Amino acid sequence: MSEPSAAAPLALTMGEPAGVGGEIALKAWLGRSEAALRPFFVIDDPDRLARLARGLGLRVAIEGIEGPEEVPSLFAAALPVLCERLPRAVRAGRPDPANGPAVVASIRRAVALALAGRASAVVTNPIHKKSLYDAGFRYPGHTEFLAALVEGAPAPVPVMMLVIPGLRVVPVTIHLPLAKALQSLDAAAIVHCGKVAADALTTSFGVAAPTLAVAGLNPHAGEAGGLGREEIETIAPAVEELRAAGIRTLGPLPADTLFHPRARARYDAVLCMYHDQALIPLKTIDFEHGVNVTLGLPFVRTSPDHGTAFDIAGKGMASPASLIAALGLAGEMAALRLRGKAVGAKRALA
């Protein structure tokens, strides 16, 4: 992998074209100055974005580019678009599997540019898994596909982090029925998530000595075995292993008291045992600005924490807040990673 330069822009993928991805990309560009966004470009069909802008009454100039190197000089005046043609006309709210290969190609090209150092980070618009599956896509979702695009062995085992101002959560088990999530929970998975999260907090979030909180699984963190033994047999051993690795780790702690303001001030991220234990508090505290971050990849990847929103696609109602937050965080993480590697290189030469 080549390191990006300080001027390398962000690569924003197309996402599902029948969803709100195009609209929020246009609106994010319109909000570029107020949000102080790092320059970005979209890998998309420029003609469809131009039509969408006209249809929504958005005054966005679309400028086709041959490569990311053109972005810095264009970004102030136009939205740079690296062309990925769609074979079928887009109907808002109606995904077409015929456009699936272009959606996948957009992701593939963004990752290739990031690995080559020509993009500083990858920001992904929401995809529609069913239409991609119908087009032959064979990965459970974005995260697994991104990991598969990284060459070499062993393949990375990515970790999901959700971020809002003042809270970062890491679900140890993710998109599983609750019964299966409980069956799959083990100490090794908790330790892996904790180590990856701690490393990312240092390299990509600027936290010199991170503190992790680990949620219990059962009510009151199991009441010393009275309400379940998972805390004793699975979670506490993982906490001890993280501490032995030099990571300050709290827990297991009762989940129902982990998310009020005073509790959040005690840690830099919390490891949650299942999806909703992490997502419900985060989305309750700040639904509009959630960002999905994939940790453990050799490049920065963020995404808005919402789906394709077919019900409002094409109506001009979609809020760009989460995408703007994802672009902003991607720019900050890329800058911190680059700064950290530059410092490390200077120390190695000293």
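See the structure shown above.
Predicted model only: the values in this text are computed from it and were never measured.

Analysis parameters
- Residues numbered from 1 in each chain as written.
- Predicted model: local features only at pLDDT ≥ 70, side-chain atom pairs only at ≥ 80, totals over all residues.
- Heavy atoms only, no water.
- Buried < 20%, exposed > 50% of the residue type's maximum accessible area, 1.4 Å probe, protein only.
- Helix = DSSP H or I, 4+ residues; strand = E, 2+ residues; numbered from the N terminus.
- Pairing = 2+ DSSP bridges.
- Contact = heavy atoms within 4.5 Å.
- Phe/Tyr/Trp six-rings, centres within 6.5 Å; stacked < 30°, edge-to-face > 60°.
- Lys NZ or Arg CZ within 6 Å of the ring centre and 35° of its normal.
- Salt bridge = Lys/Arg side-chain N within 4 Å of Asp/Glu carboxyl O.
- Axes fitted to C-alpha atoms, helices over the stretch in contact; angles between N-to-C directions.

Comments concerning the pairing of strand β11 (residues 291-295)
- Of all five residues making up β11, five are buried, and the element is well covered by its neighbours.
- Across the two faces of β11 the burial is the same, with V291, V293 and L295 and N292 and T294 all buried.
- Pairing analysis gives four bridges linking β11 to strand β12 (residues 301-304), with the strands arranged antiparallel. Residue pairing for β12: T294 is matched across the bridge by R301.
- Turn length for the β11-β12 hairpin, with the two strands adjacent in sequence and antiparallel, is five residues, and the turn residue G296 shows positive phi of about 95°.

Side note on helix α11 (residues 275-285)
- When α11 is considered as a whole, its buried residues turn out to be Q277, A278, L279, P281 and L282.
- Of the surrounding elements, those touching the buried residues of α11 are β6 (159-164), β7 (167-171), β8 (211-215) and β10 (269-272).

With respect to the packing of aromatic side chains
- Enumeration over the complete set of coordinates arrives at four aromatic pairs.
- Pairing F137 with F145 gives two aromatic rings, centres 5.2 Å apart and planes at 80°, and the pair type is edge-to-face. For the pair formed by F137 and F145, the shared burial category is buried.
- Measuring from ring centre to ring centre gives 5.1 Å for Y139 and F145, while their planes differ by 45°; the resulting arrangement is tilted.
- Judged by relative accessible area, which is 2%, F145 ranks as buried.
- These aromatic residues form a ring-pair network of at least three members: F137, Y139 and F145.
- Residue placement shows R32 over the ring face of W29; its charged tip is 3.6 Å from the ring centre.

Focus on the pattern of salt bridges
- Counted by the stated rule, this structure contains ten salt bridges.
- K27 is the salt-bridge partner of E23, the closest N and O atoms lying 2.6 Å from each other. Of this pair, E23 and K27 both sit in helix α1 (residues 21-30), four residues apart, which is roughly one turn of that helix.
- For K130, the salt bridge is made with D134, and the minimal N-O distance between the two is 2.7 Å. Pair noted here: K130 and D134 are both in helix α5 (residues 129-134), with a separation of four residues, about one helical turn.
- A single network of salt bridges, built from pairs that share partners, joins D45, D47 and R85.

A look at the sheet that holds β12
- Spatially, twelve strands are ordered β3-β4-β2-β1-β5-β12-β11-β6-β7-β10-β8-β9 in an open sheet, and the strand pairing comes out mixed. Strands with a single pairing partner mark the edges of an open sheet, and in this sheet they are β3 (62-65) and β9 (248-253). Direction aside, the axes of adjacent strands within the sheet are offset by 30° on average.
- Bridge analysis of strand β5 (residues 121-123) against β12 gives two bridges, and the strand direction is parallel. Across the sheet, residue V123 finds its bridge partner in β12, namely T302.
- Strands in contact with helix α8 (residues 187-203) are β6, β7, β8, β10 and β11; relative to β6, the strand with the most contacts, it is inclined by about 50°.

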